[in-house]
Amino acid sequence: MTAPLRILSIATLFPDAARPNFGLFVERSLRVLAQQPGVELLIVAPIGLPPFPLSLHPRYRALRSLPHRESWNGLKVLRPRFPLLPRVGTRINPALIARAVRRAIGNREFDVVDAQFFYPDGPAAMRVGAALGLPYSVKARGADISHFGHAPASAPQLRRAADGAAGLLAVSDAMRRDMAAIGIDPAKITVHYTGIDRSRFCPGDRSEARRARGLGDAPALLTVGALIPRKGQALVIEALPMLPEFHYWLAGSGEEESRYRALAARLGVAERVHFLGPVANADLPALYRAANIVVMPSVSEGLANAWVEALACGTPIVISDAGGAAELVTAPDAGRILSERTPAAIADAVRALHAAPPSPQRVAASLEGRFDWDRNGRELAAHLRRCARR
């Protein structure tokens, strides 16, 4: 009988009771990994807490009460704490996380260390691997390369982690090229596409979905994601004066909400801009179906889950030429890739799609079965077995 593959996965992006929508894509990938034959998985999801009195801030209060170990959707999860230090934290977080991980796992034995985000998880996995004499793998998802791969406080550690890894993963071929551009060996990188739950994210009755969400009769644009500058929601608001019949729905929360509200008021479109706040994952399929077009003009992405989810629900997308956009929008039915990130280009793409909308079935078919959780789990298990042998 083949010995089980014992995997230690470090995941700073992982949901918990205080943040149930945080890192859901990481959780699902690890869930299907744990279901693979011959796999034993332990997840360590470190929790960063600042020193007193900052730890009393409402943002951290709920995190302090999280259990240190639990079963999360059938997965064994440890949640050790590490000190989150203002100003200097970026540079030293990997070392603090590695120390917390080693204390949490005790004398448990593993065959390979898996890091689910490139920074700080990757350099932390490098340290844990060195201490335990184990090979490690790191996955790149988006901002971990576009931001941390260039920031002076993190880039050197990120590249050292890449150099020492037994293998690397990227969410798209475009991400693989971005990694190579900052000096990471492309020969070590395997493209590992995300999955999609086709039983939930699938075409449905748009009229019924619109009634359920209270979207009314006006054509609806939708963005799903944090309200932060990188996601580009301001550009969509600025396009609305050129799209007088459209309403714009924003699912998510973030630091830019007050600025976006002020922008909408200044442009005279406030009555057509609707802030939904965080939307539970269970409610996303109906929201995607209710929209006519999902618009996401991000500055950077790996291969956004929201892109895949929208297409699977039969809703075309208008997205910037970022990350794996060209790997996803491979046919006109899927939507449009913006030639430039401007309000005018967004308005042109929206008008073109709305004038000749593809059927939801054709939109969903454009994915061609490329995004599947079972495949994702099999490929991740095979990759980590190869890393363990090295």
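Anything mentioned here points back to the structure above.
Residues numbered from 1 in each chain as written. Predicted model: local features only at pLDDT ≥ 70, side-chain atom pairs only at ≥ 80, totals over all residues. Heavy atoms only, no water.

Participant: Can you help me understand the overall build of the chain in this one?
Facilitator: Within the chain one finds 16 helices and 16 strands. Taken along the three principal axes of its C-alpha coordinates, the chain extends 60 × 50 × 40 Å. Scored against the burial criterion, the 390 residues of the chain give a buried share of 54%. Here the analysis covers contacts within the chain between residues at least 6 apart in sequence; of these, 71% occur between residues at least 24 apart. About 16,400 Å² of surface is accessible on the chain, with carbon and sulfur atoms providing 53% of the total. Computed over 49 positive and 35 negative side-chain charges, the separation of the two mean positions in the chain equals 7 Å. (Helix = DSSP H or I, 4+ residues; strand = E, 2+ residues; numbered from the N terminus. Buried < 20%, exposed > 50% of the residue type's maximum accessible area, 1.4 Å probe, protein only. Contact = heavy atoms within 4.5 Å. Areas by Shrake-Rupley, 256 points an atom, 1.4 Å probe, with all protein chains shown as cover. Lys, Arg positive; Asp, Glu negative; His and termini not counted. Charge placed at Lys NZ, Arg CZ, Asp CG, Glu CD.)

Participant: When you look at the sheet that holds strand S9 (residues 167-170) in this model, what are you seeing that I'm missing?
Facilitator: Two strands in a sheet stick together by hydrogen bonds in their backbones, pointing the same way (parallel) or opposite ways (antiparallel). Spatially, the eight strands line up as an open sheet ordered S4-S5-S2-S1-S7-S8-S9-S10, and their pairing is mixed. Looking at strand neighbours, the two that pair on one side only are strand S4 (69-72) and strand S10 (189-191), the edges of this open sheet. Neighbour-to-neighbour, the strand axes of the sheet open up by a mean angle of 25°, direction not taken into account. Sheet analysis places strand S7 (residues 112-115) next to strand S8 (residues 136-140), joined by three bridges and oriented parallel. Considered in S8, the bridge of Ala115 is made with Val138. (Pairing = 2+ DSSP bridges. Axes fitted to C-alpha atoms, helices over the stretch in contact; angles between N-to-C directions.)

Participant: What exactly am I supposed to notice about the packing of aromatic side chains here?
Facilitator: One pair of aromatic rings is described through two measures. These are the centre distance and the angle between the planes. Counting across every chain of the model gives three aromatic pairs. Aromatic pair Phe201 and Tyr288: ring centres 6.3 Å apart, planes at 55°, arrangement tilted. Note that Phe201 is positioned in the loop between S10 and helix H8 (206-213) and Tyr288 in helix H11 (residues 284-290), a separation of 87 residues in sequence. One exposure class covers both Phe201 and Tyr288, and it is buried. In this arrangement the basic side chain of Arg79 is found over the ring face of Trp72, its NZ or CZ atom lying 5.4 Å from the centre. (Phe/Tyr/Trp six-rings, centres within 6.5 Å; stacked < 30°, edge-to-face > 60°. Lys NZ or Arg CZ within 6 Å of the ring centre and 35° of its normal.)

Participant: Can you help me understand the pattern of salt bridges in this one?
Facilitator: As a working rule, side chains carrying opposite charge can pair if their charged atoms are close by. Scanning all chains against the criterion turns up 14 salt bridges. Here Asp197 makes a salt bridge to Arg28, at a shortest N to O gap of 3.7 Å. Residue Asp197 is located in the loop between S10 and H8, and its partner Arg28 is located in helix H1 (residues 24-34); the two are separated by 169 residues in the primary sequence. Between Arg375 and Glu379 there is a salt bridge, with its nearest N and O atoms 2.8 Å apart. With Arg375 and Glu379 both in helix H16 (residues 373-389) and four residues apart, the pair spans about one turn of that helix. Residue class for Arg375 comes out buried when judged on its relative accessible area of 15%. (Salt bridge = Lys/Arg side-chain N within 4 Å of Asp/Glu carboxyl O.)

Participant: Would you mind showing me how to read the sheet that holds strand S15 (residues 317-319) here?
Facilitator: Read from one edge of the open sheet, six strands run S13-S12-S11-S14-S15-S16, paired in parallel fashion. Both outer strands of the open sheet, strand S13 (273-277) and strand S16 (335-337), are each paired with one neighbouring strand and no more. With strand direction ignored, the average angle separating the axes of adjacent strands in the sheet is 20°. Note that strand S11 (residues 220-224) and strand S12 (residues 247-251) share five bridges and pair parallel. Bridge assignment links Ala220 to a residue of S12, and that residue is His247. Sitting on the sheet, helix H14 (residues 343-355) touches S11, strand S14 (293-296), S15 and S16, and the angle it makes with S14 is about 165°.

Participant: Looking at this structure, how should I read the pairing of strand S5 (residues 75-78)?
Facilitator: One face of the sheet, then the other: side chains in a regular strand alternate in exactly this way. As paired elements, strand S2 (residues 39-44) and S5 share two bridges and run parallel to each other. Bridging from a neighbouring strand, Ile43 pairs with Val77 of S5. Pairing analysis gives four bridges linking S4 to S5, with the strands arranged antiparallel. Across the sheet, Trp72 pairs through a bridge with Leu75, a residue of S5. Between S4 and the antiparallel strand that follows it, S5, lie two residues; Asn73 among them carries a positive phi value of about 50°.

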